[in-house]
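Chain and residue survey
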Amino acid sequence: MTLHWRDLTSARRTRLPAVRGAVARPRLLAALDARVLLVTAPAGYGKTTALAEAAAARSGPAAWLTLDADDADPLVLAASLSLAAQGLPGGARPGEALGGGASPRRVAGLVADVLDGCGALLVLDEAQVLSGTPGAELLGGLLGPGGGRLALLSRTALDLPELARLEVSGDAARLSAAELAFTPSEIAALFAAQGVTLSGAEMRAAHAVTEGWPIAARFLAQAAAQGRVTLADLADLEGGDAPLGTLFTYLAQEVLGPLDPSLRGLLTRSSVFEELIPALLEDALSEPRARLLLDALAGSGTFLTRAGEDTYRAHPLLRAHLRGLLPPAEARGIAARGAAFFERTGRLRRALAAHLLAGNTGRAAALLSVRGGVWLAQGRVTLVDRSLARLPRADWTPELHALAGDALRLASRYDEARAEYTLAGPLERALGEVRLALDTVQPALAWEPLDAAAALLGQLITADGPSADGLGADGAAEVRRLRAENLLNAGQLAQAVALEPGLRGTARYALRSGDLDAALARAHSLANGETGGARAAQNHREGLLLASFLHAARGEVQAAGACAQRGLTEGERLESPFVQSLALARLGHAQQAAGDLTPARESYDAALRQAQPVTGRLRVEPLMGLAALAGRAGDVARAQALTAEARGQTGGDRYMEGLLVLTSALGLAQGPQSAQAAQGLREAAALFRACGDAFGQAAAALALFALDAGPADEAAQAVAAYPFLLGAPSLFAPAGTRAARAALLARLGEAQPGARGALAGAAGLLGYAAVPDPADTPGFEVRVQVLSRVAVTRGDGRVREWGRARARDLLALLAVHPAGLPREAAQEALFPGADPGVGERNFRVTLHALGQVLEEGARSGVFLERGDWLRLRPGPDLHLDLAAAWTLLAQATGTPGRLDGLLLLPPALADVDLDDVAREAGRYAAALPEALTAEAEVALAVARPDRAVQAAGRALTLDPAHEPAARTLMRAHYALGRGAAAGRVYAGLTAALAELGLRPLPDTQALWQALAGAQA
């Protein structure tokens, strides 16, 4: 009996897997933009789930095939592919051809035609079964160019030459275990789906313990939801018996079950060690075949991964599970032999871990005493903290208590650190107290322990010089350095650099002396390389956060916000509440400087919540920001209360006290109760004079002049030295808007005419060629819109009402004549054919109405030139959207940022019934698609077909019959492997031209024929 081709395969393997409770992962779905996607990862990484979700959510048709060993036979694979394609439009053809005797290769080509014809996605799961088999040759028939999509899911790497070629052309993409691993936020979403809300620390702990392994994360979320395990129990998998229970029975049943006994034995006994090297296992396990067995395990793609040229590691959960299977005595013996190996080979961190597992607490304590400080300096705070936690307190020495204090201090756990320092030796106790005061910037708390440390070190220095071990001399130098830093924190700059001249070159000295340029350069130098890697949190010394503050002071609000956000991310990675709180406060400063007051208040509130359990000193900056916001809102009592509360936490830092008083007073100065600000500004100036900070004095002097409470010459000197105080939205500017700062500059220039040259820098930042006159700076901005609609908006966001409809038309007319036009021409355009007297009277009323809309509260003529010649006066305070659009359109094609700007431009001018406006509208309507098409051509030339699709697609939206845009869009879609999309573009163009009685040009027809032929 002859078998039907259907009998060679099973319909069960072509069913789309059911997806329940999957986490939305748009970052993975984006990879389906590639025509061919290869997903390679070990078992449990969610390949099937991710692609099943993508196939189910896809707008177009999809097919699925789970391969098995029988598909190694090309005939069976051809049958399986035919069955998978049968449910697609036109999907019966491959099966009919196979039933008619077609070759497997021909059938694979027909399946590819079906995919291309309907733009379908075909997912081939468990593709690793084809590696090295005749069946793999059929895949080449599915990989040709076309409109279909193919996804290959494999546990091991597939060696297909066609894939390498497609990757070079940009038609293929790869996802590995690294991309499939859950991110911390995805893990939080997974737990939330189980009804468990994670804190930030718990989210990071779950990510650390699973390393994002999806199957492990899912089991952990289920177990946590059922109360079978808590994240705190699993925080330290190296510390002994982890309470895994039945949580990871999957590992034993599905992963470990099929393993060869010798490999399973090696994996189990080596689970004592975090990293595996052949020499270690040869020594500790007496296994001469260690290298061969490790290579076999790593080659499986499931059990081990390479961590170096000769180093391997298993997933921590797999190790914890396996270690739980070892008899305790055996585990201790292996650990002891490993510890000896690590000590002989100089791997002291590994030796410490092995000694702790082996129960050799005395040796572990000795290693910690000697190396703990070095590890802390390398940023390995968690290593030291967890190692100390595994060591019985009975084995702790005063040196270990000091080490514990240092580790806790670096983790921002200051009260606990102080408790440990009390159990350290006298000198370590004193130095610990000093470092606590320095880390929290509370200089008043450091003087007494500094004196105690100096006295103790004096006892170590004999009359003949330093003690034999040099401790006295080295310690004295350290105490001198700490004292100098404390002097700097206290605002005593001269004394600080006299004691330690090297401080003069630091970012903090530059900041506190008023050299903001040098401070910013040094802050960015500190920030370089600051993110990522093992390091300890530097708390207030974080370079990124110092740079954020300086950018906010200079009015560079975007840079300030970006540095704060990066610092916040780094603080979360370091799990440092100090850094996170400070980052949130700095983010609030950036937002307040930018005028985003509600987000700023939210950031300050979040900073206060983070600071609450850490230290009162950390509350100063968010309280300072909130005080400024209260002052701007006119709530004087709240501003004063917040300032007083913050002032009580400054800890003797006079610079911070000056900054606090200045910022609070500036808030009042910008609010309705500005008269209340002068006293605070004078007090801030006095504090900054005592500290030697030139910038603080300058900001206070300028603000006092703004209130008519200070001399103009000092204000002019301040702006000359720091032009951004008026030229940019500085956190310490005396006015909150650009227009208000411009008006203040004009007033200052009038008061100090001899300083106008020195003030030119601020004028340039504000957009003026020179210091403007007060009459030309109204103190507010006006935005004129004629694209899409005609509207006038004041700087406060208030849309102006039109007194007369013709005033609206007159504004549109003036907008399309940037050089102006004669009064008679404007009158005739608005009132054609009217009696001269009537027309003149109506026009005069209309012109007056437009002036009221544009210039209410300002000098007449500041925005609108009247007389025989009418013109909108260009300037920094008047913004015309049409002028900005023409400036963008006039830029050279390919100018950075031009395409993004063009994509945001409105499609047309407002509908105004005036001939001149209509002509301008036509010119604009023609220019915008042309510019977008030119940008699309450039994008194609630089191999950015995705950007070309954006640009040319937008051009066709504006003008569906624009043939150059259509040709470019067709080519861009073809470059992306979207043949069907190119066909739709051609069909749409043909229809649009037909409505005009036209047909596509020969060039367009030839292009489509060439593209269609290439897909055939």
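Definitions and cut-offs
- Residues numbered from 1 in each chain as written.
- Predicted model: local features only at pLDDT ≥ 70, side-chain atom pairs only at ≥ 80, totals over all residues.
- Heavy atoms only, no water.
- Helix = DSSP H or I, 4+ residues; strand = E, 2+ residues; numbered from the N terminus.
- Buried < 20%, exposed > 50% of the residue type's maximum accessible area, 1.4 Å probe, protein only.
- Contact = heavy atoms within 4.5 Å.
- Areas by Shrake-Rupley, 256 points an atom, 1.4 Å probe, with all protein chains shown as cover.
- Pairing = 2+ DSSP bridges.
- Axes fitted to C-alpha atoms, helices over the stretch in contact; angles between N-to-C directions.
- Salt bridge = Lys/Arg side-chain N within 4 Å of Asp/Glu carboxyl O.
- Phe/Tyr/Trp six-rings, centres within 6.5 Å; stacked < 30°, edge-to-face > 60°.
- pLDDT = per-residue confidence, 0-100.
- Expected span 1.5 Å × (residues − 1).
- Core = buried A, V, L, I, M, F, W, Y, C linked by side-chain atoms within 4.5 Å.
- Parallel < 35°, antiparallel > 145°, perpendicular 65-115°, else oblique.
- Left-handed = near helix turned anticlockwise from the far one by under 90°.
- Nonpolar A, V, L, I, M, F, W, Y, C, P; charged D, E, K, R; others polar.
- Arc of directions from axis to C-beta.
- Polar contact = N/O pair within 3.5 Å; in protein donor to acceptor, adjacent residues only side chain to side chain.

1. As for the overall build of the protein
If you tally the helices and strands in the protein, you get 50 helices and 13 strands. Taken over the C-alpha atoms alone, the protein extends approximately 105 × 105 × 45 Å along its principal axes. Counting over 1016 residues, the protein shows a buried share of 51%. For the protein, the proportion of contacts with a sequence separation of at least 24, taken over those separated by at least 6, is 65%. For the protein, the exposed area adds up to about 42400 Å²; of that, 53% sits on carbon and sulfur atoms.

2. Overview of the pairing of strand β1 (residues 36-40)
Most of β1 sits inside the fold, with 5 of its 5 residues counted as buried. In the sheet, β1 pairs with strand β5 (residues 172-175) via 4 bridges, with the strands oriented parallel. Across the sheet, Leu-38 pairs through a bridge with Arg-174, a residue of β5.

3. Some points on the sheet that holds strand β9 (residues 791-794)
Strands sit in the order β9-β8-β13 across an open sheet of 3 strands; the sheet is mixed. This sheet does not close on itself; its edge strands, each paired only once, are β9 and β13 (878-880). For this sheet the average axis-to-axis angle between neighbouring strands, irrespective of direction, equals 15°. Alignment of strand β8 (residues 782-785) against β9, held across 4 bridges, turns out to be antiparallel. Bridging across to β9, Gln-785 finds its partner in Ala-791.

4. A closer look at the pattern of salt bridges
Tallied over the entire structure, the rule returns 53 salt bridges. Salt-bridge contacts for Asp-283 lead to Arg-344; the nearest nitrogen and oxygen are separated by 2.5 Å. Of this pair, Asp-283 sits in helix α13 (residues 278-284) while Arg-344 sits in helix α16 (residues 328-344), placing them 61 residues apart in sequence. Asp-283 gets classed as partly exposed once you look at its relative accessible area, which sits at 32%. Between Arg-617 and Asp-653 there is a salt bridge, with the nearest N and O atoms lying 3.2 Å from each other. Of this pair, Arg-617 sits in the loop between α31 (597-611) and α32 (620-632) while Asp-653 is found in the loop between α33 (636-647) and α34 (654-669), placing the two residues 36 residues apart along the sequence. Asp-653 carries the same exposure label as Arg-617, and that label is buried. One salt-bridge network, in which partners are shared between bridges, spans Asp-406, Arg-409, Arg-435, Asp-439, Glu-478, Arg-481, Glu-485 and Arg-541.

5. Some remarks on the sheet that holds strand β10 (residues 821-822)
An order of β10-β12-β11 is seen for the 3 strands of this open sheet, with the pairing classed as antiparallel. In this open sheet, the two edge strands, each paired with only one partner strand, are β10 and β11 (864-865). As judged from the 2 bridges shared by β10 and strand β12 (residues 869-872), these two strands associate in the antiparallel manner. Each bridged residue has a counterpart across the sheet, and for Leu-821 the counterpart in β12 is Leu-870.

6. Concerning the packing of aromatic side chains
This structure, assessed with the given rule, holds 12 aromatic pairs. Relative to Phe-342, the ring of Phe-273 lies with its centre 5.9 Å away and its plane at 80°, an arrangement referred to as edge-to-face. On the criterion of sequence distance, the pair formed by Phe-273 in the loop between α12 (261-269) and α13 and Phe-342 in helix α16 is long-range, its members being 69 residues apart. Owing to a relative accessible area of 3%, Phe-273 belongs among the buried residues under this scheme. Residue Phe-342 is classed as buried on the basis of its relative accessible area of 4%. When the centroid spacing of 6.1 Å and the interplanar angle of 70° are considered together, the rings of Phe-780 and Phe-863 count as edge-to-face.

7. Focus on the confidence of the model for the protein
When pLDDT is averaged along the protein, the result is 88; 93% of the residues meet or exceed 70. Every residue in residues 462-470 is under pLDDT 50, and counting partners more than four places away or in other chains gives 4 contacts.

8. Observations concerning unusual backbone geometry
You will see that Ser-286, though not glycine, has its phi angle at about 55°, which is positive. Within the secondary structure, Ser-286 sits in the loop between α13 and α14 (290-299). Here the phi dihedral of Val-441 falls at roughly 55°; this positive angle occurs in a residue that is not glycine. The class of Val-441 is buried, set by a relative accessible area of 4%.

9. Regarding helix α3 (residues 74-85)
Over its 12 residues, α3 extends 16 Å from the first C-alpha to the last, a length consistent with the 16 Å expected when each residue adds 1.5 Å. Within α3, 10 of the 12 residues are buried, leaving the element largely enclosed by the surrounding structure. Here α3 has its buried residues at Val-76, Leu-77, Ala-78, Ala-79, Ser-80, Leu-81, Ser-82, Leu-83, Ala-84 and Ala-85.

10. Let's talk about the environment of Arg-689
By the secondary structure assignment, Arg-689 is in helix α35 (residues 678-691). Taking the C-alpha atoms as reference points, Arg-689 and Tyr-655, separated by 34 residues in sequence, lie 9.7 Å from one another.

11. With respect to the nonpolar core
Counting 83 residues, the largest nonpolar core has Leu-662, Leu-702, Leu-725, Phe-732 and Leu-748 as its most contacted members. For this core, the element with the highest residue contribution is α34, accounting for 10 residues. The contact partners of Leu-748, leaving out residues within four places of it in the chain, are Leu-702, Phe-705, Ala-712, Ala-715, Ala-716, Val-719 and Leu-759. Trp-886, Leu-888, Leu-940 and Leu-989 belong to the second largest nonpolar core, which has 73 residues in total.

12. Topic: the packing of helix α9 (residues 200-210) against helix α10 (residues 214-225)
Viewed as axis vectors pointing N to C, α9 and α10 meet at an angle of 130°, and their least axial separation amounts to 9 Å. One finds that α9 runs oblique with respect to α10. As for how α9 packs across α10, the hand of that crossing is right-handed. Here Ala-206, Val-209 and Thr-210 of α9 come into contact with α10, specifically with Ala-216, Ala-217 and Leu-220. Class assignment of the residues belonging to the contact of α9 with α10 gives a composition of 5 nonpolar, 1 polar and no charged.

13. Some remarks on the packing of α33 against α34
At a minimum axis distance of 10 Å, the contact between α33 and α34 shows a crossing angle of 170°. Overall, the two elements α33 and α34 adopt an arrangement that is roughly antiparallel. Residues Val-636, Ala-639, Thr-643, Ala-646 and Arg-647 of α33 lie in contact with α34, whose contacting residues are Glu-657, Leu-660, Val-661, Ser-664 and Leu-668. Class assignment of the residues belonging to the contact of α33 with α34 gives a composition of 6 nonpolar, 2 polar and 2 charged.

14. Quick word on helix α37 (residues 712-721)
Those residues of α37 lying buried are Ala-712, Ala-715, Ala-716, Ala-718 and Val-719. Axial view of α37: buried residues confined to an arc of 160°, hence all on one face. Buried residues along α37 sit in contact with α36 (694-706), α38 (724-727), α39 (738-751) and α40 (760-766).

15. Here's the deal with the side chain of Glu-287
Considering the arrangement of structural elements, one finds Glu-287 in the loop between α13 and α14. Taking relative accessible area as the criterion, Glu-287 reaches 10% and is therefore assigned buried. At 3.0 Å, the side chain of Glu-287 and the backbone nitrogen of Arg-289 are in polar contact. Excluding residues within four positions of it along the chain, Glu-287 makes contact with Leu-266, Arg-269, Leu-281, Glu-282 and Leu-293.

16. A closer look at the environment of Leu-546
For Leu-546, the location among the structural elements is in helix α28 (residues 543-553). Along the chain, Leu-546 and Ala-527 lie 19 residues apart, while their C-alpha atoms are 8.9 Å from each other. Beyond its immediate stretch of four places on either side in the chain, Leu-546 contacts Ala-507, Leu-511, Ala-523 and Arg-586.

17. Things to note about the environment of Ala-336
Among the secondary structure elements, Ala-336 is positioned in helix α16. With 110 residues separating them along the chain, Ala-336 and Ala-446 place their C-alpha atoms 44 Å apart.

18. So, the side chain of Glu-855
Relative to the elements of secondary structure, Glu-855 occurs in helix α43 (residues 836-855). Polar contacts involving the side chain of Glu-855 include one to the side chain of Arg-866, which spans 3.2 Å. In contact with Glu-855, other than residues within four places in its own chain, are Ser-860, Gly-861, Val-862, Phe-863, Leu-864 and Arg-866.

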